[in-house]
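# Residue-level structure breakdown
What follows is each chain in one-letter form.
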Amino acid sequence: ERKAAALERTKGSEILFGVAPCWLALARARRALFRLFLKEQRGGPGRPLRAELALQAAARGVPVLHVPGRALDTLCRGRPHQGVCLEAAPLPFRSLRDAEEPRPGDGESGERQLLWLVLEHIQDPMNLGALLRSAYFLGVDRVVATHSNSCPLTPIVSKASAGAMEVFDVYSTDDLQGFLKAKSAEGWEVVGTASRPEDVEGVPVISCSEFRWDKPLIVVIGSEGEGLSLETQLQCQHMLAIPPGRALHPGIDSLNVSVAAGILLHSICSQKRRHGD
């Protein structure tokens with residue numbers, strides 16, 4: 001009965017699972033943290049890591065409970081927890097209204113031109129997590145998601161991002177077209193993504209290998225099924241396409257959205273254009 005009571009959830013909390021999300025959530029403490037659950041285990045290769053997690057939790061004043069593996073399975077509904085779960089408050093999107101707005105050429109990334117990733121209606125948590133992981137790894141300065149019709153920042157997203165969600169602020173906007181229009185007026189270049197090399201209402205489509213990054217840039221990625229809305233496409237100066245490596249069979253003519261974003265971002269970031277080049 002005591003064990004059952006111990007596993008009762010704090011109202012409004014959620015369960016992070018997996019080593020990286022729990023470790024980084026504890027390290028950054030960007031959200032309220034309630035309890036750390038570790039799998040009961042004698043010895044074994046994971047023991048030093050669990051001890052480190054317990055020390056980190058203690059330093060934050062977070063209670064540590066050692067429970068059977070099946071209890072962790074129940075907490076995270078059978079997802080791959082690696083012997084670690086963390087009860088925490090949800091992590092909300094940050095509001096662009098509360099964000100400091102860097103001017104082009106200023107500062108979030110030192111000398112390098114600013115690069116932001118904008119996500120329109122990404123609904124699959126695995127895709128969102130993979131997008132955040134790639135954006136963080138490749139040096140994107142800010143990620144902005146549409147507030148409506150988008151996946152929230154859930155534990156599944158954190159796990160799919162390998163914990164990048166715990167260290168990387170994700171902003172939201174409820175007026176994507178207005179936001180893009182304002183950034184264009186400030187001197188940013190806005191580019192969308194197209195799965196096929198066809199012009200869209202007069203917006204030219206070019207290969208990502210032909211694109212040159214020479215000013216602050218926003219890359220806009222569309223939803224898994226529909227891609228970018230027409231209203232958003234019309235805010236773009238260019239649409240970028242990834243040329244396929246073969247003649248494609250009908251029905252297998254596009255890439256997963258997070259894979260496509262990774263290729264496009266790498267193509268852009270590999271130019272390493274800096275002021276004064």
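Residues numbered from 1 in each chain as written. Predicted model: local features only at pLDDT ≥ 70, side-chain atom pairs only at ≥ 80, totals over all residues. Heavy atoms only, no water.

As a reminder, the rule being used: UniProt positions are given in the numbering used here, feature names are shortened, and annotations may be inferred rather than shown by experiment.
An unreviewed UniProt entry annotates the protein chain as rRNA methyltransferase 1, mitochondrial originating from Emberiza fucata. On record in UniProt, under Subcellular location (unreviewed entry), the comment for the protein chain is "Mitochondrion". What UniProt records for the protein chain under Sequence similarities (unreviewed entry) is the sentence "Belongs to the class IV-like SAM-binding methyltransferase superfamily. RNA methyltransferase TrmH family."

### What about the overall build of the protein chain?
Short version of the rule: Runs of H or I in DSSP of at least four residues are treated as helices and runs of E of at least two as strands, each being numbered from the N terminus. Each residue's exposure class comes from its accessible area (1.4 Å probe, protein chains only) as a fraction of the maximum for that residue type: buried when under 20%, exposed when over 50%, partly exposed otherwise. Contacts are assigned to residue pairs with any non-hydrogen atoms lying within 4.5 Å of each other. Using a 1.4 Å probe, the Shrake-Rupley method yields the accessible areas, and only the shown protein chains count as cover for residues.
Of regular secondary structure, the protein chain possesses 9 helices and 12 strands. For the protein chain, buried positions account for 47% of its 277 residues. Nonlocal contacts in the protein chain, meaning residues at least 24 apart in sequence, comprise 86% of its contacts between residues at least 6 apart. Put simply, the protein chain shows about 14,300 Å² of open surface, and 50% of that area lies on carbon and sulfur atoms.

### Quick word on unusual backbone geometry
Even without being glycine, alanine 29 reaches a positive phi, approximately 50°. Within the fold, alanine 29 resides in the loop between α2 (19-28) and β2 (33-39). The backbone of alanine 162 sits at a positive phi, close to 55°, despite the residue not being glycine. Tracing the chain through its elements places alanine 162 in the loop between α6 (155-160) and β8 (170-173). On the basis of relative accessibility, which here comes to 29%, the residue alanine 162 falls in the partly exposed class.

### Re the packing of helix α5 (residues 125-138) against helix α9 (residues 257-269)
As a reminder, the rule being used: Between the N-to-C directions of two axes lies an angle of 0 to 180 degrees, each axis being a line fitted to C-alpha atoms and, for a helix, fitted only over the stretch in contact. Every angle not falling under 35 degrees, over 145, or within 65 to 115 is termed oblique; those three ranges are roughly parallel, roughly antiparallel and roughly perpendicular. Helix crossings are classified by the rotation of the near helix relative to the far one: an anticlockwise turn of less than a right angle makes the crossing left-handed, while a clockwise turn makes it right-handed. The nonpolar class holds Ala, Val, Leu, Ile, Met, Phe, Trp, Tyr, Cys and Pro. Asp, Glu, Lys and Arg form the charged class, and all remaining residues, Gly among them, are polar.
Two elements in contact, α5 and α9, have axes separated by 9 Å at closest approach and are oriented at 10°. In terms of orientation, α5 and α9 fall into the roughly parallel class. The handedness of the crossing between α5 and α9 comes out as right-handed. Here α5 contributes Asn127, Ala130, Leu131, Ser134, Ala135 and Leu138 to the contact with α9, which in turn contributes Val257, Ser258, Ala261, Gly262, Leu265, His266 and Cys269. Residue composition of the contact of α5 with α9, grouped by class: 8 nonpolar, 5 polar and no charged.

### Focus on the pattern of salt bridges
What counts, and what does not: Whenever Lys or Arg places a side-chain nitrogen within 4 Å of a carboxyl oxygen from Asp or Glu, that contact is recorded as a salt bridge.
Considering all chains together, one arrives at 6 salt bridges under this definition. Residues arginine 31 and glutamate 14 are paired through a salt bridge, measuring 2.8 Å at the closest nitrogen-oxygen approach. Placement of arginine 31 in the loop between α2 and β2 and of glutamate 14 in strand β1 (residues 14-17) is noted, with a sequence separation of 17 residues between them. Linked by salt bridges that have partners in common, Glu14, Arg31 and Glu166 make up one network.

### Topic: the packing of aromatic side chains
Note the cut-off: Only Phe, Tyr and Trp rings take part, Trp by its six-membered ring, and two of them pair if their centres are within 6.5 Å. Stacked means planes under 30 degrees apart, edge-to-face means over 60, and tilted covers everything else. In this scheme, the term charge over a ring applies when either NZ of a lysine or CZ of an arginine sits within 6 Å of the ring centre and within 35 degrees of the ring normal.
All chains considered together, the criterion is met by 3 aromatic pairs. An angle of 5° between the planes, with centres 6.3 Å apart, marks the rings of tryptophan 116 and phenylalanine 179 as stacked. Placement of the pair is tryptophan 116 in strand β6 (residues 115-119) and phenylalanine 179 in helix α7 (residues 176-185), with a sequence separation of 63 residues. Assigned by exposure class, tryptophan 116 and phenylalanine 179 land together as buried. Consider the rings of tyrosine 136 and phenylalanine 168, whose centres lie 5.6 Å apart with planes at 65°: the pair is edge-to-face. Of this pair, tyrosine 136 sits in helix α5 while phenylalanine 168 sits in the loop between α6 and β8; the two residues are 32 residues apart in sequence, bridging distant segments of the chain. Here phenylalanine 168 falls in the buried class, since its relative accessible area comes to 10%. What links up through ring pairs into an aromatic cluster is the set Trp116, Phe179 and Trp188. Over the aromatic face of tyrosine 171 sits the side chain of arginine 142, whose NZ or CZ is 4.4 Å from the ring centroid.

### Brief notes about the pairing of strand β12 (residues 238-241)
For clarity, the threshold we go by: Two strands are said to pair when DSSP picks up at least two bridges between them.
Pairing geometry for strand β9 (residues 189-193) and β12, over 3 bridges, is parallel. Across the sheet, glycine 192 pairs through a bridge with methionine 239, a residue of β12. Inspection of the sheet shows strand β10 (residues 205-207) paired to β12 by 3 bridges, in the parallel sense. Bridged to isoleucine 206 within β12 is leucine 240.

### Notes on the nonpolar core
Let me state the cut-off plainly: In plain words, nonpolar cores are sets of buried Ala, Val, Leu, Ile, Met, Phe, Trp, Tyr and Cys residues tied together by side-chain atoms within 4.5 Å.
Among the nonpolar cores identified, the biggest contains 34 residues, and Leu117, Leu119, Val143, Val219 and Ile221 are the most heavily contacted of them. Ranked by residues supplied to this core, first place goes to α9 with 6 residues. If sequence neighbours within four positions are ignored, leucine 117 has contacts with Ala135, Val140, Arg142, Val143, Val144, Val219, Ile221 and Leu265.

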